[in-house]
Amino acid sequence: MKDLTIMIPVKEYEPSMDKLINRAIESCADNKIILVGKGVEKYKFQTDDEMAVQPSLTYLENTSDNLTYQHNVNIAVDTVETKYFSVLEYDDFYSEIWFDNVEKNIEYDVDDTSVFLPLTEVVEYDEDDTKPHNTIGYSNEAFWASSFSDEIGCLDMESLQNYLSFNVSGAIFKTSDFVSLGKLKESIKLVFWLEYLLRALHEEKRMYVIPKVGCYHFIGRKDSMMSEYESTMSEKEADWWVDLAKKEFFFKKDRNKVYEG
């Protein structure tokens, strides 16, 4: 896809990640790609397909003490020169049709859409076989249900505050909007994307779900960001962050709120 940069955040690179990172990169190898995180310069792309496209890969080393997903996304977006960018979790991958569908929607986009989200196929992770199988369900499809939101296929304030089963892995963001809105708030845990999307809606940005599967999202992987939250965060704290996100979106700047129990 033209005018698009893909960023793949990695908290701290380890060789055991290679298989998943390779797969993620192969799914978007025609695009500019930024691998961002601690130790990422040690990664080398490998493929058994002799005809595979060699990716245009940039390594962005996170040399700070802040290794959060949010910080990785924020420092990567500061280097993006394309009109659009996308964030892909390294254990997910894009569908073959996603970028073509996004380009078609951009071509006929008269509403100046800020975010294009895919239908996301949610798949149970398997240590031995990571190909798409055992589909659990789909994310983002609710916005295409009749009367779910004010405009079918689009996110709005009421629907988003009541529906947390959305997923932004693989979504396409307009770079200028993301930067002008203040990027991700690094102090917010768990629901930082919810807070950003609410902030964008508050600023009257349009977000549209393209009704095609664009990304395969895996759950249940040991050591994933979500599994880390599940093992370290109580239900009470999780609810606190959700409530906070529904208040903090009025502010573009991160006010560095801290959970005190």
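In what follows, the structure referred to is the one given above.
Residues numbered from 1 in each chain as written. Predicted model: local features only at pLDDT ≥ 70, side-chain atom pairs only at ≥ 80, totals over all residues. Heavy atoms only, no water.

S.K.: Mind showing me how you'd approach the pairing of strand S6 (residues 115–124) here?
M.R.: Successive residues of a regular strand alternate their side chains across the two faces of the sheet. Taken across its ten residues, S6 has nine buried, putting it largely inside the fold. Sheet analysis places S6 next to strand S8 (residues 172–174), joined by two bridges and oriented antiparallel. Across the sheet, valine 115 pairs through a bridge with phenylalanine 173, a residue of S8. Of the strand pairs in this sheet, S6 and strand S9 (residues 207–219) are connected by ten bridges, and their pairing is parallel. From the neighbouring strand, leucine 119 faces S9, where its bridge partner is valine 213. Of the pairings in the sheet, the one linking S6 to strand S7 (residues 135–139) comprises four bridges and is antiparallel in character. The partner of glutamate 121 across the bridge, within S7, is tyrosine 138. (Buried < 20%, exposed > 50% of the residue type's maximum accessible area, 1.4 Å probe, protein only. Helix = DSSP H or I, 4+ residues; strand = E, 2+ residues; numbered from the N terminus. Pairing = 2+ DSSP bridges.)

S.K.: Just checking my understanding: could you explain the packing of helix H6 (residues 192–202) against helix H8 (residues 235–248) for this structure?
M.R.: Axis angle and axis distance: for two packed helices, these are the angle between their axes and the distance between the axes, and together they describe the pair. For the pair H6 and H8, interaxial distance at closest approach is 8 Å and the crossing angle is 20°. When the interaxial angle is binned, H6 and H8 end up roughly parallel. Between H6 and H8 lies a crossing whose hand is right-handed. Across from Leu194, Glu195 and Leu198 in H6, the residues of H8 making contact are Val242, Ala245, Lys246 and Glu248. When grouped by side-chain class, the residues that make up the contact of H6 with H8 number four nonpolar, no polar and three charged. (Axes fitted to C-alpha atoms, helices over the stretch in contact; angles between N-to-C directions. Parallel < 35°, antiparallel > 145°, perpendicular 65-115°, else oblique. Left-handed = near helix turned anticlockwise from the far one by under 90°. Contact = heavy atoms within 4.5 Å. Nonpolar A, V, L, I, M, F, W, Y, C, P; charged D, E, K, R; others polar.)

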